[in-house]
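# Observations on the model geometry
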Amino acid sequence: MDDADSGLGAPFGRKIAEALEYMLKLGERDGFKTKNVDGYAGHIEYGIAYRIRHN
């Protein structure tokens, strides 16, 4: 990780943000609901979730 490369939406650097976005786009392409958590993490939902809340 290069701190000089990190920024808003890319706290771990531009390349990590690109990898996260790539995976989330694959999920969206395949019909899943996705969420990017400010560049720190992401998730791809499968099935019905009764306890996950999106704020």
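About the thresholds
- Residues numbered from 1 in each chain as written.
- Predicted model: local features only at pLDDT ≥ 70, side-chain atom pairs only at ≥ 80, totals over all residues.
- Heavy atoms only, no water.
- Salt bridge = Lys/Arg side-chain N within 4 Å of Asp/Glu carboxyl O.
- Helix = DSSP H or I, 4+ residues; strand = E, 2+ residues; numbered from the N terminus.
- Buried < 20%, exposed > 50% of the residue type's maximum accessible area, 1.4 Å probe, protein only.
- Patch = residues over 30% accessible without salt bridge, like charges linked within 9 Å, V, L, I, M, F, W, Y side chains within 5 Å.
- Areas by Shrake-Rupley, 256 points an atom, 1.4 Å probe, with all protein chains shown as cover.
- Pairing = 2+ DSSP bridges.

## Let's talk about the pattern of salt bridges
Overall, the coordinates contain two salt bridges when judged by the stated rule. Of the charged contacts in the structure, one is a salt bridge between Glu18 and Arg14, with a shortest N-O distance of 2.9 Å. Here Glu18 pairs with Arg14, and both are found in helix α1 (residues 14–29), just four residues apart, close to one helical turn. Exposure remark for Glu18: the relative accessible area of 40% places this residue in the partly exposed category.

## Description of a nonpolar patch on the surface
On the surface, Phe12, Ile16 and Tyr40 cluster together into a nonpolar patch covering about 320 Å² of accessible area. With relative accessibility at 55%, the residue Tyr40 sits in the exposed group.

## So, the pairing of strand β2 (residues 41–45)
Within a regular beta strand, the side chains point alternately toward one face of the sheet and then the other, so they alternate between its two faces. Two elements, strand β1 (residues 33–37) and β2, share five bridges in a ladder whose sense is antiparallel. Each residue of the ladder has a partner; that of Thr34, found in β2, is Ile44. Between β1 and β2, which follow one another and run antiparallel, lie three residues, and Asp38 among them has a positive phi close to 55 degrees.

These results come straight from atomic positions and should not be treated as a statement about function.
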